[in-house]
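# Geometric and topological summary
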Amino acid sequence: MVNQAPRGEGSWSDSSGASNSGGESSKESSRSSTPVLDADRSDRLRDKMRRRMESADRWFSLEFFPPRTTSGAVNLLSRHVARRITEDRTRVTTGDPGSDKETSSMMIASTAVNYCGLESVLHLTCCNQTREIITGHLAKAKHLGLKNIMALRGDPVGADWEEEDGGFNYAIDLVKHIRSEFDDYFDICVAGYPTGHPEAESYEEDLRHLKEKVDAGADFVITQLFFRSDTFLKFLDDCRAIGITCPILPGIFPIQGYQSLRQLVKLSKLEVPEEITNVIEPIKDNDAAIRNYGIHQAVEMCRVLLDSGKVPGLHFYTLNREVATMEVLRQLGLWIEDPRRPLPWAVSAHPKRKVEDVRPIFWASRPKSYIYRTQDWDEFPNGRWGNSSSPAFGELNDYYLFYLKSKSSKDALLHMWGEELMKEESVFEVFTCYITAQPNCSGQKVMCLPWNDEPLAPETNLMKDELEKVNRRGVLTINSQPNINGKPSTDPIVGWGPAGGYVFQKAYLEFFTSSENVTALLKVLKKYEPRVNYHIVNVHGRNLTNALDFQPNAVTWGIFPGREIVQPTVVDPVSFMFWKDEAFALWIEQWAKLYEDESPSRMIIKYIHDNYFLVNLVDNDFPLENCLWQVIEDMFEMLDAPPEPV
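How each quantity is defined
- Residues numbered from 1 in each chain as written.
- Predicted model: local features only at pLDDT ≥ 70, side-chain atom pairs only at ≥ 80, totals over all residues.
- Heavy atoms only, no water.
- Buried < 20%, exposed > 50% of the residue type's maximum accessible area, 1.4 Å probe, protein only.
- Helix = DSSP H or I, 4+ residues; strand = E, 2+ residues; numbered from the N terminus.
- Right-handed = clockwise from strand over helix to strand, strands pointing away.
- Pairing = 2+ DSSP bridges.
- Core = buried A, V, L, I, M, F, W, Y, C linked by side-chain atoms within 4.5 Å.
- Contact = heavy atoms within 4.5 Å.
- Axes fitted to C-alpha atoms, helices over the stretch in contact; angles between N-to-C directions.
- Salt bridge = Lys/Arg side-chain N within 4 Å of Asp/Glu carboxyl O.
- Expected span 1.5 Å × (residues − 1).
- Parallel < 35°, antiparallel > 145°, perpendicular 65-115°, else oblique.
- Left-handed = near helix turned anticlockwise from the far one by under 90°.
- Nonpolar A, V, L, I, M, F, W, Y, C, P; charged D, E, K, R; others polar.
- Polar contact = N/O pair within 3.5 Å; in protein donor to acceptor, adjacent residues only side chain to side chain.
- Arc of directions from axis to C-beta.
- Phe/Tyr/Trp six-rings, centres within 6.5 Å; stacked < 30°, edge-to-face > 60°.
- Lys NZ or Arg CZ within 6 Å of the ring centre and 35° of its normal.

## Focus on the pairing of strand S7 (residues 248–252)
Burial analysis of S7 places five of its five residues in the buried class, the great majority of the element. With burial as the criterion, each face of S7 is covered, one bearing Ile248, Pro250 and Ile252 and the other bearing Leu249 and Gly251. Handedness of the crossover joining strand S6 (residues 220–225) and S7 through helix H8 (residues 229–241) is recorded here as right-handed. In this sheet, strand S8 (residues 313–317) lies alongside S7 in parallel orientation, the contact comprising two bridges. Bridge pairing links Ile252 to Phe316 in S8.

What follows is the structure in C-alpha cells.
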C-alpha cells in the first residue's frame, strides 16, 4: 500500500504502557476457522524457541535500556521499526517498571509489543520491593499484553547485600511468586553466570542455584556477558550435567569503546582476558579502532558458539548503540533487513490480537493509531470483517502520546511542510515533494506527512508518476494501492503471507480535494458504476457513497496452499466515518498548530480542513488496467472544459 511502510516487524526486549482500560463494548465480528497465517504470532516465546531448536534454525535477541528522555524513547522505537528487527525478542532493562512515564521500562515494552509487533521481555527486579508492589507490576504487565519476564534479584541499596524478612531476597523468590500468583501465564527468564555469580561461594554452588530457579518455574536462561567462547561452552555442559535442560542463551557484548567496557566490567565484576587488554590498551583513545576490534572479536566468538551445534540463539547487549551488533549479525548471516510480511499491515504482538487478520485499509499508514483506538475490543476480526454496524472505535484525543506523535521535531516539520504557506498550492507542493522524494523550494526533502510518519512504501514506485500528476493539481493522496492480480506471495514489493501463495489487490485511492473537484467527480463517477465504489465525506458530516448497504469491500486477499482465502484488508464504510474524524483532525493537530494563531499559514490549513472533502475510490475490476487515474483525468477535463452554452 502506498503512503505507508508496513513491512514486517520483529522482536526485542522492551516494554511500554499504553493503557487498556477494559471497555464495555467490543467489535462485533463474524468468526471463521481461518488459521493465523504466522504461527509465531500465536506461540509462546518458549514454544518459538523449542520449534526453532527442533528445526535447527538460528535466532538472536537484542537488549536495550529505557532512554532518559521522551524523544529518546521515540527514536529508539522508530529506529527498530524502520530497520525491521525480525528475530525473536527484545529485552528492556529495568527502570521504574510501574511508572506510566514514556521512559519507564513498562511503557517502552508495552509500546514495543502493542504498537511495533515486537516480542518483548520485561526486566523485573525484586529486592527492596514488597509482594504487593511486585504483584501490582505483574498484573499491570499482564493487562498490557506482556507475557515474558526476566526475573532478577537486583542490586542492593548499599554496598553489601542484606536479607529482608518476608521480602524477596533472591531471584528464585520472584520466580516462585510469579508462578504462585499468575500460574503459567508468563514465560520466565532467569540469569546465568558462566564464571559464577560474584557473590556465590563457588562456581558449583552457583550452578545449583541456577537449577533451583529453573526447577521453580523458569523457562529459559540468558547469561551474563563473557569474553571467551570456551567459557560459555563449559558452562553449558556443566548445566546439562546437573539436569538443566531448558534453553540457555549466551549473552554477547560487542566491545564498542574503552570507557563503556571499563564501566560494564566494573558493574558485572568480570575480568577482561589479557589477550583482549593487550589489543585495546594501545588503541583506547581510538573509538573506531576499538569498535572494529570488538566486532571482529564478537564475530569470531559467535561463530565458534554456533558451529558447536549446542547454541541455537544469541542474545546481544547493545547499550542502545546497536550499530556494532548489526554488523556482527550481518557477518554471521543472521541480519535480515526486510523480510516478507505475515500480513499487509504491521501486526501487534498483544496476546489478545493474535488471531487478528482483518483491518480497514484507512489506517494502513497509521497502524499505531488503529491499535490504540481498538485496544478495548474484546475480540478481533479473524477471517472476515463481519458486521461493523457498531465498531466502537475509541476516541483519539491523545495526540501527545510519544508513540502516536511524529518523531520529527517542530523545526524539522516546518522545514519540510513550509515555514510560511502562501496559498493552497503551497500545500499541493508539499504532497508532491513527498511523493517524488524531491527537495521542496527550501531544498528540504519531505520525508513524512501528518497521515504517515514514514517514508513511502515500495509500492509507491508502481504508481509514482500518476500520484505526482494528481497531487500537483490538488488531489492530495494519503493512501493508495495498485491493482494486483495473482503476484507470488514472495514478491519483494507486494508479497505477504507464507511462501507458495498468490496475492491480489483492488486498486484503491484515498485523497483530500476541494468541493469544486468533488462536484465534477460525482458527475464523472456515474459512468463508472458499478465498477468503481466511492465514499466522499467532509468534516461537517456530508456523506456520499454508492456502497451497497454500507457493506465492507475486500480490497486485498491471498490464496495459500492448504488454507482458506485470507482477506486482510477491507474498505468498510462505517469505519471510514470514524477514520474521517481522525484524518481531518490531523490537518489541525499536526500541521496547523505549527503556526501562530491567525497567521496566513494556519488559515490556509484551516481552510482546507473546513472546505475539502475526503474521498476513497475502489476499482473492483482488479484483472483490468486500473481505471482510477482515468476517473481523476475525466474530472479534470470536466473542470477545464468551457461552460456549455445556455
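Following the structure, the description resumes.
## Points about the sheet that holds strand S9 (residues 359–360)
Whenever strands of a sheet pair, they do so through backbone hydrogen bonds, lying parallel or antiparallel. One open sheet accounts for five strands, arranged S9-S17-S16-S12-S11; its pairing is mixed. The open sheet has two edge strands with one neighbour each: S9 and strand S11 (484–488). Relative to strand S12 (residues 502–505), S11 is paired through four bridges, and the arrangement is antiparallel. Bridged to Ile484 within S12 is Gln505.

## Description of the nonpolar core
Grouped together as the largest cluster of nonpolar side chains are 58 residues, with contacts concentrated most on Phe186, Phe232, Ile252, Leu314 and Phe316. With seven residues, helix H11 (residues 287–307) is the single largest residue contributor to this core. Dropping the residues within four chain positions of it, Phe186 is found in contact with Arg44, Leu138, Ala141, Lys142, Leu146, Lys147, Asn148, Ile149, Ile178, Arg179 and Asp219.

## Here we look at the sheet that holds strand S15 (residues 543–545)
Here we have five strands laid out as an open sheet, ordered S10-S13-S18-S14-S15, and antiparallel in their pairing. Because the sheet does not close on itself, it has two edges, and the strands there are strand S10 (476–481) and S15. Across this sheet, the average inter-strand angle for adjacent strands is 10 degrees, counted without regard to direction. Bridge analysis of strand S14 (residues 532–538) against strand S18 (residues 613–619) gives seven bridges, and the strand direction is antiparallel. Across the sheet, residue Ile536 finds its bridge partner in S18, namely Val615.

## Remarks on the pattern of salt bridges
In this structure the tally under the stated criterion is 32 salt bridges. Between Asp219 and Arg179 there is a salt bridge whose closest N-O contact spans 2.9 Å. With a gap of 40 residues between them, Asp219 in the loop between helix H7 (203–215) and S6 and Arg179 in helix H6 (residues 171–182) connect regions that are remote in the sequence. Of the charged contacts in the structure, one is a salt bridge between Lys310 and Asp237, with a shortest N-O distance of 3.0 Å. Of this pair, Lys310 sits in the loop between H11 and S8 while Asp237 sits in helix H8, and the two are 73 residues apart along the sequence. The class of Lys310 is partly exposed, set by a relative accessible area of 41%. In this structure Asp237 comes out as partly exposed when scored by relative accessible area, which is 36%.

## Some remarks on H8
It helps to recall that an α-helix has 3.6 residues per turn; residues three or four apart then point in one direction. Under the 1.5 Å per step criterion, the end-to-end length of H8 is 19 Å for 13 residues, consistent within 8% with the ideal 18 Å. As for H8, its buried residues are in contact with strand S5 (187–192), H7, S6, S7 and H11. Gly243 sits one or two residues past H8 and shows a positive phi near 100 degrees.

## Looking at the packing of helix H18 (residues 573–591) against helix H19 (residues 600–611)
Contact geometry for H18 and H19: axes closest at 8 Å, N-to-C directions at 165 degrees. Taken as axis vectors, H18 and H19 run roughly antiparallel relative to one another. For H18 against H19, the interelement crossing comes out left-handed. Along its contact with H18, which presents Phe584, Trp587, Ile588 and Trp591, the element H19 presents Ile605, Lys606, Ile608 and His609. Of the residues in the contact of H18 with H19, the class split is six nonpolar, one polar and one charged.

## As for the environment of Arg602
Note that Arg602 resides in helix H19. With a relative accessible area of 17%, Arg602 lands in the buried category. Residues Arg602 and Ile588, spaced 14 residues apart in sequence, show a C-alpha to C-alpha distance of 8.5 Å. Leaving out residues up to four positions away in the same chain, Arg602 has contacts with Ala592, Lys593, Tyr595, Glu596 and Asp597. A polar contact of 3.1 Å, which involves the side chain of Arg602, links it to the backbone oxygen of Tyr595.

## What to know about the side chain of Ser260
Relative to the helices and strands, Ser260 resides in helix H9 (residues 258–268). A distance of 3.1 Å separates the side chain of Ser260 from the backbone oxygen of Gly257, its partner in a polar contact. Here Ser260 is in contact with Leu319 and Arg321, once residues within four sequence places are set aside.

## Side note on the pairing of strand S1 (residues 59–64)
With six of its six residues buried, S1 lies for the most part within the structure. Side chains Trp59, Ser61 and Glu63 project from S1 onto one buried face, and the interleaved Phe60, Leu62 and Phe64 project onto a second face that is buried too. Relative to S8, S1 runs parallel, the two being bridged by two bridges. Note that in S8 the partner of Phe60 across the bridge is Leu314.

## Some details on helix H16 (residues 464–472)
Looking only at H16, the buried set comprises Leu467, Val470 and Asn471. Across the axial projection of H16, the buried residues extend over an arc of 100 degrees, all falling on one side. When the buried face of H16 is taken as reference, the exposed residues oriented beyond 90 degrees from it are Asp465 and Lys469. In this structure, the buried side of H16 is in contact with helix H15 (424–436), S10, strand S13 (507–513) and helix H20 (628–640). Looking one or two residues past H16, Gly474 carries a phi angle of roughly 95 degrees, positive in sign.

## Things to note about the packing of aromatic side chains
This structure, assessed with the given rule, holds 29 aromatic pairs. Relative to Phe576, the ring of Phe362 lies with its centre 5.0 Å away and its plane at 55 degrees, an arrangement referred to as tilted. A residue pair is termed long-range when its members are at least 10 positions apart, and Phe362 in the loop between S9 and helix H13 (367–373) and Phe576 in helix H18 qualify at 214 residues. Accessibility assignment for this pair places Phe362 and Phe576 in one class, buried. Taken together, the aromatic side chains of Phe362, Trp363, Tyr370, Trp377, Phe380, Trp385, Phe393, Phe576, Phe578 and Trp579 make up a single cluster linked through ring pairs. The ring of Phe168 has Arg131 lying over it, and the distance from NZ or CZ to the ring centre is 4.7 Å. The ring centre of Tyr185 lies 4.9 Å from the NZ or CZ of Lys142, which sits over that ring.

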